[in-house]
Amino acid sequence: MRLNRYIAQAGVSSRRKADELTANGNVKVNGLAIKELGYDVKDGDIIEVNGIVVKPVETKVCIMLNKPKGYITSLKDEKGRPVVTDLITDIEERLFPIGRLDYDTSGMLLLTNDGSLADKLMHPAHKVAKTYRARVFGIVSKDRLARLRGGVDIGSLVTQPAEVEVIKQSDRYAIVEIKIREGKNRQIRKMFAAVGNKVLELERTAIGELYMGRLLEGHYRKLNKAELEYLKEL
């Protein structure tokens with residue numbers, strides 16, 4: 001984090017004023033006066049302004065994003081592909097994704113700067129249910145449903161029992177709602193492949209009792225107080 005931003009987030013002044021304070025010798029880093037406006041604050045640095053140690057006041061933020069296909073669930077991508085944080089345009093806090101969604105999967109993704117909340121939601125012991133809506137090729141027969149519900153071998157493991165319902169069935173494809181409590185790489189696609197159906201489209205619609213509702217693709221919103229309390233109590 002740049003020094004002027006660090007000072008601004010500590011509530012001392014604006015970034016411009018922080019640059020003035022630095023240029024005038026009012027800022028110290030680890031006990032030494034510094035006039036380098038572009039200095040990057042490192043972990044462990046002690047910042048003083050006018051003789052007082054300051055630290056950023058970090059506001060904890062958690063948002064729900066309707067991730068489009070074609071975005072990487074990461075903070076950066078070595079191949080230059082768009083990342084989900086590219087979609088966050090008006091939140092100053094540095095957010096990171098809680099969990100992940102595949103490049104070609106859309107739907108609900110939570111992002112936060114609250115590490116303890118993220119750790120809790122991602123910990124395998126908590127087994128937070130995640131609901132998806134899949135459009136798959138072919139007919140999802142009663143036998144295939146039973147196999148999905150009971151757990152299927154996807155090569156690296158046998159999946160835990162899933163909640164699965166066929167929403168719509170035609171001669172060519174089916175719309176299926178599936179709820180799982182695991183999060184292995186491309187798990188749902190592998191599960192359907194194991195029973196003979198190819199996933200054509202996949203969207204995550206809910207995490208636990210949090211539902212995406214009418215949130216438009218590519219848009220996001222902050223979680224309300226009740227939603228945050230729900231996540232913390234899981």
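Numbering of residues begins from 1 in every chain and follows the order in which that chain's sequence is written. The model is predicted, so local features are restricted to residues of pLDDT at least 70 and side-chain atom pairs to those at 80 or more, both for listing and for counting; the totals for chains, interfaces and linings are taken over all residues. To get the side-chain values, take all heavy atoms of the structure and skip hydrogens and water.

**A short note on the overall build of the protein**
Rules: A run of H or I in DSSP becomes a helix once it reaches four residues, and a run of E becomes a strand once it reaches two; helices and strands are each numbered from the N terminus. Taken over C-alpha atoms, the radius of gyration is set against a globule rule of 2.2 Å times the number of residues to the power 0.38. In this scheme, a residue with accessible area under 20% of its type's maximum is buried, one over 50% is exposed, and one in between is partly exposed, where area comes from a 1.4 Å probe on protein chains only.
The helix and strand tally for the protein stands at six helices and 13 strands. Rg of the C-alpha trace for the protein: 23 Å, well past the compact-globule value of 17 Å for 234 residues, more than 25% over. For the C-alpha atoms alone, the extent of the protein along its principal axes is close to 75 × 35 × 35 Å. Counting the 234 residues in the protein, one finds 42% classified as buried.

**Notes on the side chain of Thr105**
Operational definition: Throughout, a contact is declared for two residues whenever any of their heavy atoms are within 4.5 Å.
Mapped onto the secondary structure, Thr105 falls in the loop between strand E6 (96-98) and strand E7 (106-112). You can call Thr105 buried: its relative accessible area is 2%. Apart from the residues within four sequence positions on either side, Thr105 is in contact with Lys67, Pro68, Lys69, Arg189, Leu202 and Glu203.

**Examining the pairing of strand E8 (residues 130-137)**
Applicable threshold: Each pair of strands is called paired provided DSSP finds at least two bridges between the two strands.
As paired elements, E8 and strand E10 (residues 173-180) share eight bridges and run antiparallel to each other. Bridge pairing in E10 links Lys130 to Ile180. Note: E8 against strand E11 (residues 199-207), seven bridges, orientation antiparallel. What sits directly across from Thr131, in E11, is Ala206.

**Quick look at the packing of helix H3 (residues 115-122) against helix H6 (residues 225-233)**
Under the convention used in this document: Convention adopted: a line fitted to C-alpha atoms gives each axis, helices being fitted over their contacting stretch, and angles between N-to-C directions are expressed from 0 to 180 degrees. Each angle gets one of four labels, with under 35 degrees taken as roughly parallel, over 145 as roughly antiparallel, 65 to 115 as roughly perpendicular, and the rest as oblique.
The N-to-C vectors of H3 and H6 enclose an angle of 60 degrees; their axes lie 9 Å apart at closest approach. Taken together, H3 and H6 sit at an angle that is classed as oblique. Along the contact surface, H3 presents Leu117, Lys120 and Leu121, while H6 presents Leu231, Lys232 and Glu233.

**So, the sheet that holds strand E3 (residues 47-49)**
Ordered by their spatial adjacency, four strands build an open sheet running E2-E1-E3-E4, and the pairing between neighbours is antiparallel. Edge positions in the open sheet fall to strand E2 (32-33) and strand E4 (52-54), since each of these has one partner strand only. With two bridges connecting them, strand E1 (residues 27-29) and E2 associate as antiparallel partners. Bridging from a neighbouring strand, Lys28 pairs with Ala33 of E2.

**Notes on the environment of Leu157**
Position of Leu157 relative to the elements: it lies in the loop between helix H4 (142-150) and strand E9 (163-169). Residue Leu157 is classed as partly exposed on the basis of its relative accessible area, which comes to 21%. Among residues more than four places away in sequence, those in contact with Leu157 are Val152, Glu182 and Lys184.

**Digging into the nonpolar core**
Applied cut-off: By nonpolar core is meant a set of buried Ala, Val, Leu, Ile, Met, Phe, Trp, Tyr and Cys residues that side-chain atoms within 4.5 Å join together.
Grouped together as the largest cluster of nonpolar side chains are 33 residues, with contacts concentrated most on Ile63, Val136, Ile178, Met191 and Phe192. Ignoring sequence-local partners within four residues, the contact set of Met191 consists of Leu148, Val152, Ile154, Thr159, Ala162, Ile178 and Ile180. Ranked by size, the runner-up nonpolar core spans 15 residues in total, among them Met64, Met108, Leu110 and Val128.

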